[in-house]
Amino acid sequence: MSDYQALMARCEARLAQLAAQAPIKTTPLAEKLEAEGISRRDFMKWSALTTTALALPLQFAPMVAKAAEVADRVPLIWLHMAECTGCSESLIRCDTPTIDTLLFDHISLEYHETLMAAAGWQAEENLEHALEAYKGQYLLAVEGAIPTANGGHYLTVGCKGHTGMEIIHETAANAAAIVSVGTCAAFGGVQAAAPNPTDARPVDRVISQPVVNLGGCPPSEKNIVGTLMYFIMFGKLPPLDMFNRPKWAYGARVHDNCERRGRFDAGEFVETFGDEGAKEGYCLYKMGCKGPYTYNNCPTERFNHHVSWPVLAGHGCIGCSEPNFWDTMADFETSLGRRELHSLDKTADFIGGAILGATVVGIGAHAVASIFAKDNKEEQE
Ligand code: FSX
Ligand code: SF4
Ligand code: F3S
């Protein structure tokens, strides 16, 4: 059996198992789509696009559609730690609901502090109930970093005054899978930037279970929903890169798929914001674009109904899906030049003079990352 056949068989078995369960919610997805004027044809088109975004062959498209329909069997608990809620906003803030946002409504969202109607004691009870009722089955999404200094007391949530650290340990204990949504949960984000007074840490440095990291401040709705879809389809985590980001979303550099790449190659650069080059859509590298060092699918998937992404809007990428980008990628409107990247410090030690001797763009972060990943893999084997 080929790898794809095995994956397909796994997916079919998983979806059949979910379909046999009673839905937690009562309105079928088809009715929700119809109420929003989304046709079956649009839905099938969405399934095909999501299949390609997930780097799966098109034969999986009907299974993506099926997975969306049975998403109401999967309980989701969504926590907010230290962050700005931009990740939730990325998903829900659009002028009309997309299939991605409707899916977020269709999956059984058991707890989400900014979206649920309950407050106070009732909200706490909802969480306690969900943790008990769906033990071992729920998907845990975490937005935000966990402050750990002072016994974790820089962050307390709810009327019982539990710290973020206590909540994350309790909720992670019986989760079927854990997703860190956004750079704060994945890598610490802005609150972990120097001097990090609250000793804020990413989720995977506070708990010991495996965590999928969705870098991006915020990540796109496609990367959030695609990750949920992958879990619904296969019941497991997707293949991950060296920072535990799904390869289907973070496998290529922003620079590799940027529509201004031809300008970069031709040496056509914006010299100041608003100049003639800016009007012509020249490359933003000299204006500090960090696309050459950043792994994300922003140019192909974009944000907000596929409307735009930073470079298309006229500003360089600030590297928001990379670990420690607030410290390593700043100043955001100045190019890095030969400065080494903090997230690749270990690599810099390992590769020594090689990285420091080449121009950063010339060597390409990817080459460095691949060498490190290979080294890491060999260590694990
Ligand atoms: Fe962080 Fe998400 Fe940036 Fe904000 O909450 S990734 S600060 S967009 O919203 O966690
Ligand atoms: Fe695009 Fe930035 Fe690369 Fe220029 S440097 S091609 S703007 S990603
Ligand atoms: Fe972030 Fe760069 Fe994409 S700033 S949103 S990774 S283009």
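Residues numbered from 1 in each chain as written. Chains lettered and ligands numbered in written order. Predicted model: local features only at pLDDT ≥ 70, side-chain atom pairs only at ≥ 80, totals over all residues. Heavy atoms only, no water.

**Structural notes on the pattern of salt bridges**
Then comes step 1: Counting across every chain of the model gives 13 salt bridges.
Then comes step 2: In this structure, E128 engages K160 in a salt bridge whose closest nitrogen and oxygen atoms are separated by 2.6 Å. Taken as a pair, E128 in helix α7 (residues 120-133) and K160 in the loop between β5 (156-157) and β6 (162-163) lie far apart in primary sequence, 32 residues in all.
Then comes step 3: By relative accessible area, K160 is classed as partly exposed at 38%.
Then comes step 4: The shortest N-O distance in the salt bridge between R261 and D265 comes to 3.1 Å. Linking R261 with D265, this pair stays in helix α13 (residues 261-265), spanning four residues, or about one helical turn.
Then comes step 5: Here R261 falls in the partly exposed class, since its relative accessible area comes to 25%. (Salt bridge = Lys/Arg side-chain N within 4 Å of Asp/Glu carboxyl O. Helix = DSSP H or I, 4+ residues; strand = E, 2+ residues; numbered from the N terminus. Buried < 20%, exposed > 50% of the residue type's maximum accessible area, 1.4 Å probe, protein only.)

**Regarding the confidence of the model for the chain**
Then comes step 1: Chain-level pLDDT for the chain is 88 on average; 88% of the residues reach the 70-or-more range.
Then comes step 2: Overall, residues 340-381 carries pLDDT values under 50, and its contacts beyond four positions in sequence, including any with other chains, amount to 48 contacts. (pLDDT = per-residue confidence, 0-100. Contact = heavy atoms within 4.5 Å.)

**Comments concerning unusual backbone geometry**
Then comes step 1: Cis geometry marks the peptide bond from C217 to P218; its omega dihedral reads 5 degrees.
Then comes step 2: Checked against the element boundaries, P218 lands in the loop between β9 (212-214) and α10 (221-234).
Then comes step 3: Cis rather than trans, the peptide bond between A330 and D331 has omega equal to -5 degrees.
Then comes step 4: With respect to the helices, strands and loops of the structure, D331 is situated in the loop between α16 (325-328) and α17 (345-351).
Then comes step 5: Phi angles above zero are rare outside glycine, and T85 is one such case at about 70 degrees.
Then comes step 6: Its location among the elements puts T85 in the loop between β1 (75-80) and α5 (86-92).
Then comes step 7: A relative accessible area of 17% means that T85 is categorised as buried.

**Thoughts on the sheet that holds strand β2 (residues 108-112)**
Then comes step 1: Strand order in this open sheet of five strands is β2-β1-β3-β7-β9, and the pairing throughout is parallel. Two strands bound the open sheet, and with one partner strand each, they are β2 and β9. Recorded for the sheet is a direction-independent mean angle of 20 degrees between the axes of neighbouring strands.
Then comes step 2: Here α10 sits on the sheet in contact with β1, β3 (139-143), β7 (177-181) and β9, set at roughly 160 degrees to β9. (Pairing = 2+ DSSP bridges. Axes fitted to C-alpha atoms, helices over the stretch in contact; angles between N-to-C directions.)

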